[in-house]
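Chain by chain, the residues:
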Amino acid sequence: MTAITFRTVLPGDAEAIAAIYAHHVLHGTATFDIDPPPVLFWAEKIGAIAERGWPFLVAEAGGSVVGYAYVAQFRDRPAYARTCEDSIYVAPEVTGRGIGRGLLEALIDGARDCGFEQIIAVIGGAEPSSMGLHARCGFVEAGRMRAVGRKFGRTLDTVYMQRPLSG
């Protein structure tokens, strides 16, 4: 595999991001979405996150986007202004190669630089690979909501993991 580089998202990355996310919607339980959102949704999300100055990163290999990660405020209410939630997805053909970890480590730094003090991961389906990635990056389990989702005929938990951004 060619070298992986990490960079800030560009508006033209929306199509690749939509394709990566669509795979996870259609084949995994890390997201509880059932139908993949269209490219326009991603173009608007890229713009909205950029407008706020929050980090939205992509991993690139051989000129193609193979993963992405971003943060957004955890909840809209003003009291949550210093807490963000991360979202991270990697193309299925390149999982297990450290791309997720590289994205998440860079995202943590970017979130801290934006003034966030806490970062939350909301992991649908209690996906072991996502939980493991977050644990390796210093997150700890902060809660579990049992049997709150249903996808592919399975009842699923959602796990909350949290990490302070100081230090």
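Here, the structure is the one placed above.
Residues numbered from 1 in each chain as written. Predicted model: local features only at pLDDT ≥ 70, side-chain atom pairs only at ≥ 80, totals over all residues. Heavy atoms only, no water.

To continue, consider the overall build of the chain. Scanning the chain for helices and strands turns up 4 helices and 7 strands. Counted from the first residue to the last, the chain has its helices and strands arranged as β-α-α-β-β-β-α-β-α-β-β. A compact globule built from 167 residues should have a C-alpha radius of gyration of about 15 Å, and the chain, at 15 Å, falls within 12% of that. In terms of overall dimensions, the chain has a C-alpha envelope of 40 × 40 × 30 Å along the principal axes. Out of the 167 residues in the chain, the part that is buried amounts to 46%. Of the contacts formed within the chain by residues at least 6 apart in sequence, a portion of 64% connects residues at least 24 apart. Accessible surface, the chain as shown: approximately 8500 Å² in total, 53% of it carbon and sulfur. If the 16 positive side-chain charges of the chain are averaged to one point and the 18 negative ones to another, these points end up 7 Å apart. (Helix = DSSP H or I, 4+ residues; strand = E, 2+ residues; numbered from the N terminus. Rg over C-alpha atoms; globule rule 2.2 N^0.38 Å. Buried < 20%, exposed > 50% of the residue type's maximum accessible area, 1.4 Å probe, protein only. Contact = heavy atoms within 4.5 Å. Areas by Shrake-Rupley, 256 points an atom, 1.4 Å probe, with all protein chains shown as cover. Lys, Arg positive; Asp, Glu negative; His and termini not counted. Charge placed at Lys NZ, Arg CZ, Asp CG, Glu CD.)

Following the sequence through the fold, threonine 29 ends up in the loop between helix H1 (14–27) and helix H2 (39–52). Residue threonine 29 is classed as buried on the basis of its relative accessible area of 3%. Those residues within four positions of threonine 29 in sequence are excluded, and the remaining contacts are Gly124, Gly125, Glu127, Lys151, Phe152, Arg154 and Leu156.

Glancing now at the pattern of salt bridges. Taken as a whole, this structure holds 7 salt bridges when the rule is applied. As a salt-bridge pair, glutamate 60 and arginine 7 come within 3.1 Å of each other at their nearest N and O atoms. Of this pair, glutamate 60 sits in strand S2 (residues 56–61) while arginine 7 sits in strand S1 (residues 4–8); the two residues are 53 residues apart in sequence, bridging distant segments of the chain. In this structure, arginine 144 and aspartate 157 form a salt bridge, with 3.0 Å as the shortest nitrogen-oxygen distance. Taken together, the residues span a long stretch of sequence, with arginine 144 in strand S6 (residues 140–151) and aspartate 157 in strand S7 (residues 154–164) at a distance of 13 residues. Looking at aspartate 157, the relative accessible area reads 18%, which means it is buried. Each of Glu141, Arg144, Arg146 and Asp157 takes part in a single network of salt bridges with overlapping partners. (Salt bridge = Lys/Arg side-chain N within 4 Å of Asp/Glu carboxyl O.)

Let us look at the environment of alanine 72. By the element assignment, alanine 72 lies in strand S3 (residues 64–73). Each C-alpha atom of the pair alanine 72 and glycine 115 lies 12 Å from the other, and the pair is 43 residues apart in sequence. Alanine 72 has contacts with Trp54, Thr83, Cys84 and Glu85, leaving out every residue within four places of it along the chain.

Buried within helix H4 (residues 128–136) are the following residues: Ser130, Met131, Leu133 and His134. Viewed end-on, H4 has its buried residues packed into an arc of 160°, placing them on one side of the element. Opposite its buried face, H4 presents the exposed residues Pro128, Ser129 and Arg136, each directed more than 90 degrees away. Looking at the buried side of H4, the elements it contacts are strand S4 (83–90), helix H3 (99–113), strand S5 (118–124), S6 and S7. (Arc of directions from axis to C-beta.)

Right, let's get into the packing of aromatic side chains. Following the criterion strictly, the structure yields 11 aromatic pairs and no others. Taking the centre distance of 4.8 Å and the plane angle of 25° together, the rings of phenylalanine 56 and tyrosine 70 count as stacked. Residue phenylalanine 56 is found in strand S2, and its partner tyrosine 70 is found in strand S3; the two are separated by 14 residues along the sequence. With respect to burial, phenylalanine 56 and tyrosine 70 carry one shared label: buried. Taken together, the ring pairs connect Tyr21, Phe41, Trp42, Phe56, Tyr68, Tyr70 and Tyr89 into an aromatic cluster. One cation-aromatic arrangement involves arginine 75 over phenylalanine 74; the distance from NZ or CZ to the ring centre is 4.1 Å. (Phe/Tyr/Trp six-rings, centres within 6.5 Å; stacked < 30°, edge-to-face > 60°. Lys NZ or Arg CZ within 6 Å of the ring centre and 35° of its normal.)

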